Each structure stands twice: as structure tokens, then as C-alpha cells.
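Here are the chains, one letter per residue:
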Amino acid sequence: MLLYPSTGEVIRAEEALRQSGLEVAVKGPPPDLRQGCDMVIEFSLMQEMRVREVLAERNLQPLRVAVAQDHLLEPVSLFQSKELGSYLMVRAANMKITVDRRDRRIVNVSGGGCPDVPYLAEMLVGQTLDAAPEPRSLGQTLCGYALQLAFDEARRQCRG
């Protein structure tokens, strides 16, 4: 797991690693490893040398690289899902998206405290998961990033 002091660095590191073809996942840190922001990047230990090379090339050195050796150090999923009749609500970090499973229409976007949340909601509510713009294309804040994660998870869970 890669630990960074800020969310922006996690986002930049994740993007750099994905662009390099590496499989990574952003998760919440185990309680014992919380420092900096509340996200870590999880990767396969077999990829560590390549991960370090990519990050060094882009000057994205983490605060720490930690190995999850037991279940107490397992990163936790950033997602929480709740079924509400025909609706699915997915929460990622501090953002929530609610979708009507019947037509895959976004019915609500909420959470966060970033100034772009009302704009994100206005752009997404009423759209289907297939037609809606990617939240990451609309905002650059932690809320926009978390909403993108929730959006992707809602798409995954609402596959036809």
C-alpha cells in the first residue's frame, strides 16, 4: 500500500500507475496506518519495483510503502452500498449517488463539502449512467474524485 500526505497526490499517483498499465485500487487505510489523507493505493507486491520506478519518474514519492501482512492491516473498501427498493445508493468516501435500477437513471447526488457538489449534482441528476458525463470530467476536487468512484461502482452494480 502506498500512503500519501494528501488526496491530490493519491489521485496523481493512481493516474500515473494506471497509465503505465499497472493494476491498482484506491481504498481506505487500515486504522493502524492512517497518516496524511484517508486513502491508500493498493497494488500487488509483485509489482513493487515497477510501481516505485513509475512514481520516481513522476516525482510522486509516497510517505510510506506498507505491506499488509495480516487481516488487521487490510485496506478497507471505500464503497458502501444500500438497496432502497428499486434504488441503489452507493457511497464512496464522502459522496453518494443514488440510481433507479429500472432505467439506470441518476436520481440524487449528495455529500461532501466541496464547492462543486451542487454543480456535479445538477449535471448528473436525471441522466442515465450510460449518458451522464464522467464526474472526473466535471470537477477537480476530492468530492469529484469520490463521486467518480461511486459512479463507477454504481455502473458496475447496475449492469444489465
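Quick notes on the rules
- Residues numbered from 1 in each chain as written.
- Predicted model: local features only at pLDDT ≥ 70, side-chain atom pairs only at ≥ 80, totals over all residues.
- Heavy atoms only, no water.
- Salt bridge = Lys/Arg side-chain N within 4 Å of Asp/Glu carboxyl O.
- Helix = DSSP H or I, 4+ residues; strand = E, 2+ residues; numbered from the N terminus.
- Buried < 20%, exposed > 50% of the residue type's maximum accessible area, 1.4 Å probe, protein only.

Peer 1: Which residues make up the pattern of salt bridges, and what values go with them?
Peer 2: Enumeration according to the criterion identifies twelve salt bridges in this entry. Measuring nitrogen to oxygen at the nearest pair gives 2.8 Å for the salt bridge that ties Arg52 to Glu48. In this pair, Arg52 and Glu48 both sit in helix α2 (residues 48–57), four residues apart, roughly one turn of the helix. What makes Glu48 partly exposed here is its relative accessible area of 22%. The salt bridge involving Arg50 is made with Glu53; its shortest N-O contact spans 3.4 Å. Taken together, the residues span about one helical turn, with Arg50 and Glu53 both in helix α2 at a distance of three residues. Residue Glu53 is classed as partly exposed on the basis of its relative accessible area, which comes to 37%. Salt bridges sharing common partners tie together Glu134, Arg136, Asp152 and Arg155.

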